[in-house]
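Observations on the model geometry
Given next are the chains, with one letter for each unit.
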Amino acid sequence: MTSEREKMAQQQWFDPRDRELAELRRRAKQLCRQLNDQGPEPFKAHQQLARQLFGKVGSCYIEPDFWCDYGVNIELGQRFYANHHCVLLDAATIRIGDDVMLGPAVQIYTVSHPLAASERVTGIEQALPVQIADRVWIGGGAVILPGVCIGEGAVIAAGTVVNRDVAPYTLVAGQPARLIKELPR
C-alpha cells in the first residue's frame with residue numbers, strides 16, 4: 001500500500017492530514033521558529049540550523065520570518081539569500097541553484113487543490129516541483145506557482161505571479177508574468 005508521503009512525492013493526490021506528514025510539518029515549524037528566533041547569530045550557527053531543516057544546503061542566509069511546510073523537500077545551492085517574510089510551501093521539491101536571491105515576502109508554492117468544490121472539501125492536495133536555476137533574482141512579493149521552472153540568470157520583478165516557466169536571462173513582470181525583455185548574460 002502506498003503511503004501518503006509516497007503519493008505526495010509521486011505527484012499524486014494525497015491527504016495532508018496523514019499522521020506522518022503532520023509530524024514532518026510540526027518538526028519543520030519548530031525548526032523555522034528556531035531559525036526565526038536566532039537573531040544575528042554567527043553564520044556557522046545559522047548553517048547548522050539550516051542543515052537540520054532543509055534536505056540539502058550549500059550555504060544560505062535567511063532573514064526572519066521564514067516559513068516552510070516540510071523543509072526536507074527544499075534543496076538550496078551556494079550563497080542563497082532570502083529576505084524577510086518568505087514562505088516556501090514544499091510538499092514537492094523546491095530546488096534552488098547557486099547565487100539565488102529572494103526579496104521580502106516571496107512565496108513559492110508547490111501545492112494545489114482540486115478545482116471541484118466537492119473534491120476540495122475532502123482536503124486532498126497535489127504537489128508539483130519548482131526549480132530555480134543559478135543566479136536568479138526574485139523581487140519582493142513575487143509568487144511562484146506549482147510546477148514552474150525558472151531559467152538561469154532570470155529576474156522576476158516585484159509583485160509578479162509566475163504561473164509558467166521562465167526562460168533563462170529574461171526579465172518577467174506582471175500578473176500573470178509576461179516577458180519584458182531579454183537580459184545580458
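For the structure, see preceding data.
First things first, this report covers the structure right here in the doc. (Residues numbered from 1 in each chain as written. Predicted model: local features only at pLDDT ≥ 70, side-chain atom pairs only at ≥ 80, totals over all residues. Heavy atoms only, no water.)

Details of the sheet that holds strand S7 (residues 94-96)
Let me state the cut-off plainly: For two strands to count as paired, DSSP must find a minimum of two bridges between them. To qualify as a helix, a DSSP run of H or I must reach at least 4 residues; to qualify as a strand, a run of E must reach at least 2; elements of each kind are numbered from the N terminus.
Strand order in this open sheet of five strands is S1-S4-S7-S12-S15, and the pairing throughout is parallel. At either margin of the open sheet sits one strand with a lone partner, and together these are strand S1 (56-57) and strand S15 (149-150). Inspection of the sheet shows strand S12 (residues 130-132) paired to S15 by two bridges, in the parallel sense. From the neighbouring strand, Gln-131 faces S15, where its bridge partner is Cys-149.

Considerations on the pairing of strand S19 (residues 178-182)
Convention followed: Relative accessibility under 20% of the residue-type maximum defines a buried residue, over 50% an exposed one, and the middle range a partly exposed one, all with a 1.4 Å probe and only protein chains included.
For S19, the buried fraction is low: zero of the five residues fall into the buried class. Pairing analysis gives four bridges linking strand S18 (residues 170-173) to S19, with the strands arranged antiparallel. Of the residues in S19, the one forming a bridge with Thr-170 is Glu-182. Hairpin connection, S18 to S19: the antiparallel pair is bridged by four residues, and Gly-174 has positive phi, about 105°.

Re unusual backbone geometry
Following Pro-64, the chain continues to Asp-65 via a peptide bond in cis, the omega torsion being -10°. Of note, the amide linkage connecting Gln-175 to Pro-176 takes the cis form, showing an omega dihedral of 5°. Along the chain, the position of Pro-176 falls in the loop between S18 and S19. A positive phi angle, near 60°, is found at Gln-11, a position not held by glycine. For Gln-11, the position within the fold is in the loop between helix H1 (4-9) and helix H2 (19-37). One non-glycine residue, Tyr-169, lies in the positive phi region at around 50°.

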